[in-house]
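# An overview of the molecular structure
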Amino acid sequence: MTWHWIGLAAFSLTLLPAGLALLTGRIPPRLHAHLAPTRPRGWALLALWAAAPLNTVPRLTDAPPALTLAATATAGAVAVAGCALAAATTLRAAKAAP
């Protein structure tokens, strides 16, 4: 259980603020060139962050095994969607660059 709390805290302290900053466009001007489409990258980070609570909270609350399995499967799907969005954004930015 301790590792679940540590993982949830680590993801919440790293991915959540970074995702929100990218989503709202509140990043330093020098990073705009490297993170050109900031909103999709923010959504991707938030999707990756959402996988952590989806996987952790049912385990911490001793939810029934069926609910834990459903939440873990949903977390996996959300993580795959976040990775796909990040990859698509990177490819789109690479094609748009001269």
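Residues numbered from 1 in each chain as written. Predicted model: local features only at pLDDT ≥ 70, side-chain atom pairs only at ≥ 80, totals over all residues. Heavy atoms only, no water.

### Quick word on the overall build of the protein
- The secondary structure content of the protein amounts to three helices and zero strands.
- Written out in order from the N terminus, the α and β elements of the protein read α-α-α.
- For the protein, the residues scored as buried account for 24% of the 98 residues in total.
- Considering only contacts within the protein whose residues lie at least 6 apart along the sequence, 60% involve residues at least 24 apart.
- By element, 74% of the accessible surface of the protein is carried by carbon and sulfur atoms, the whole surface being about 6,300 Å². (Helix = DSSP H or I, 4+ residues; strand = E, 2+ residues; numbered from the N terminus. Buried < 20%, exposed > 50% of the residue type's maximum accessible area, 1.4 Å probe, protein only. Contact = heavy atoms within 4.5 Å. Areas by Shrake-Rupley, 256 points an atom, 1.4 Å probe, with all protein chains shown as cover.)

### Quick look at the side chain of threonine 89
- By secondary structure assignment, the location of threonine 89 is in helix H3 (residues 65–96).
- Accessibility expressed as a relative area gives 0% for threonine 89, which makes it buried.
- Setting aside residues up to four positions removed in sequence, threonine 89 forms contacts with Pro37, Pro40 and Arg41.

### Structural notes on the side chain of threonine 56
- Along the chain, threonine 56 falls in helix H2 (residues 38–60).
- Only 2.8 Å separates the side chain of threonine 56 from the backbone oxygen of alanine 52, close enough to count as a polar contact.
- Sequence-distant contacts of threonine 56, defined by excluding residues within four places in its chain, comprise His4 and Leu8. (Polar contact = N/O pair within 3.5 Å; in protein donor to acceptor, adjacent residues only side chain to side chain.)

### Examining H3
- For H3, which comprises 32 residues, the first-to-last C-alpha distance of 46 Å matches the rise-based estimate of 46 Å (1.5 Å per residue) to within 8%.
- Among the residues of H3, those classed as buried are Thr68, Ala71, Ala75, Gly82 and Thr89.
- Those residues of H3 that are buried lie in contact with H2. (Expected span 1.5 Å × (residues − 1).)

### Digging into the confidence of the model for the protein
- For the protein, mean pLDDT is 88; residues scoring 70 or higher make up 99% of the total.
- Per-element averaging of pLDDT across the protein places helix H1 (residues 2–24) at the bottom with 89 and H3 at the top with 92. (pLDDT = per-residue confidence, 0-100.)

### Comments concerning the environment of alanine 84
- Topologically, alanine 84 is positioned in helix H3.
- The exposure class assigned to alanine 84 is partly exposed, which follows from its relative accessible area of 45%.
- Separated by 59 residues in the primary sequence, alanine 84 and glycine 25 have C-alpha atoms spaced 21 Å apart.

### Concerning unusual backbone geometry
- Of note, the phi angle at aspartate 62 is positive, near 55°, even though the residue is not glycine.
- Relative to the helices and strands, aspartate 62 resides in the loop between H2 and H3.

### Some details on the environment of alanine 52
- As for its position among the elements, alanine 52 is in helix H2.
- The exposure class assigned to alanine 52 is buried, which follows from its relative accessible area of 10%.
- Note: C-alpha distance between alanine 52 and leucine 8 (44 residues apart in sequence) is 6.0 Å.
- Residues in contact with alanine 52, not counting those within four places in the same chain, are Leu8 and Phe11.

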